[in-house]
Amino acid sequence: QADWLMRFYGFRASELLSEKHPDFNLLLDPKADWAVSHLEFFPVEINQADYYELLRVPGIGYTSARRIIGARRTHSLEFEEDWCGSEACLIFYHL
């Protein structure tokens, strides 16, 4: 997963591991672990974030990020939280 984040999502190895945190958290995937450690980047403004900012949001992959960028060319997007089992899901819709 970490390799994927570096190759396709624009993360650097130094963002995922450091001297303070030399090992991955076994309870979280690397992207979620990064997000929890960098709460200053959140929340992300869905209508203004660039592609790489969207990729850093847990639950948004490269396909969703491209769709969000494409959809907001013609519409403003809003989201609402919905509870999906143990994780919050984002539901996007046009205004």
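Colleague: Describe in detail unusual backbone geometry, supporting the description with residues and values.
Modeller: In this model, Phe42 is joined to Pro43 through a cis peptide bond whose omega is 0°. For Pro43, the location among the structural elements is in the loop between helix 3 (30-37) and helix 4 (51-55).

Colleague: Tell me about the confidence of the model for the protein chain, and please be specific about residues and values.
Modeller: Residues at a pLDDT of 70 or more form 82% of the protein chain, whose mean pLDDT is 81. For the protein chain, strand 2 (residues 87-94) is the element with the lowest average pLDDT, namely 41, and helix 4 is the one with the highest, namely 93.

Colleague: Account for the pattern of salt bridges, naming residues and giving values.
Modeller: Under the definition given, this model contains three salt bridges. The shortest N-O distance in the salt bridge between Arg7 and Asp3 comes to 2.8 Å. You can see Arg7 and its partner Asp3 sitting in helix 1 (residues 2-8), four residues apart, about one turn around the helix. On the basis of relative accessibility, which here comes to 53%, the residue Arg7 falls in the exposed class. For Arg56, the salt bridge identified is with Glu15, shortest N-O distance 3.0 Å. Of this pair, Arg56 sits in the loop between helix 4 and helix 5 (62-71) while Glu15 sits in helix 2 (residues 13-16), placing them 41 residues apart in sequence.

Colleague: Explain the packing of aromatic side chains to me, using residue names and the numbers behind them.
Modeller: This structure, assessed with the given rule, holds six aromatic pairs. Aromatic side chains Trp4 and Tyr62 sit 6.2 Å apart centroid to centroid with 40° between the ring planes, which places their arrangement in the tilted category. Here the residue Trp4 occupies a position in helix 1, and Tyr62 occupies one in helix 5, the gap between them amounting to 58 residues. On the accessibility criterion, Trp4 (35% relative accessible area) is partly exposed. Geometrically, the ring pair formed by Phe11 and Trp34 is edge-to-face, given 5.3 Å between the ring centres and 85° between the ring planes. Taken together, the positions of Phe11 in the loop between helix 1 and helix 2 and Trp34 in helix 3 put the pair 23 residues apart, joining distant regions of the chain. Taken as a pair, Phe11 and Trp34 share a single burial class, namely buried. Among the aromatic residues, ring-to-ring pairing joins Phe11, Trp34, Phe41 and Phe42 into one connected group. If you follow Arg56 out to its NZ or CZ, it ends over the ring of Phe11, 4.1 Å from the centre.

Conventions used here
- Residue numbers restart at each chain and count upward from 1, following the sequence in its written direction.
- Totals for whole chains, interfaces and linings use all residues, but because this is a predicted model, local features are given only for residues with pLDDT of at least 70 and pairs of side-chain atoms are given and counted only at 80 or more.
- Heavy atoms from the whole structure form the basis of all side-chain values; hydrogens and water molecules are not counted.
- Every helix listed is a DSSP run of H or I at least four residues long, and every strand listed is a run of E at least two residues long, numbered separately from the N terminus.
- Confidence of the predictor at the level of single residues is captured by pLDDT, which takes values from 0 to 100.
- Any Lys or Arg side-chain nitrogen found within 4 Å of a carboxyl oxygen on Asp or Glu counts as a salt bridge.
- Exposure is judged per residue with a 1.4 Å probe applied to protein chains only, and the accessible area is read against the type maximum: over 50% gives exposed, under 20% gives buried, and values in between give partly exposed.
- Stacked, edge-to-face and tilted labels apply to pairs of Phe, Tyr and Trp rings (six-membered ring for Trp) whose centres lie within 6.5 Å, assigned for plane angles under 30 degrees, over 60, and everything in between, in that order.
- The rule is short: NZ of Lys or CZ of Arg within 6 Å of the ring centre and within 35 degrees of the ring normal puts a charge over the ring.

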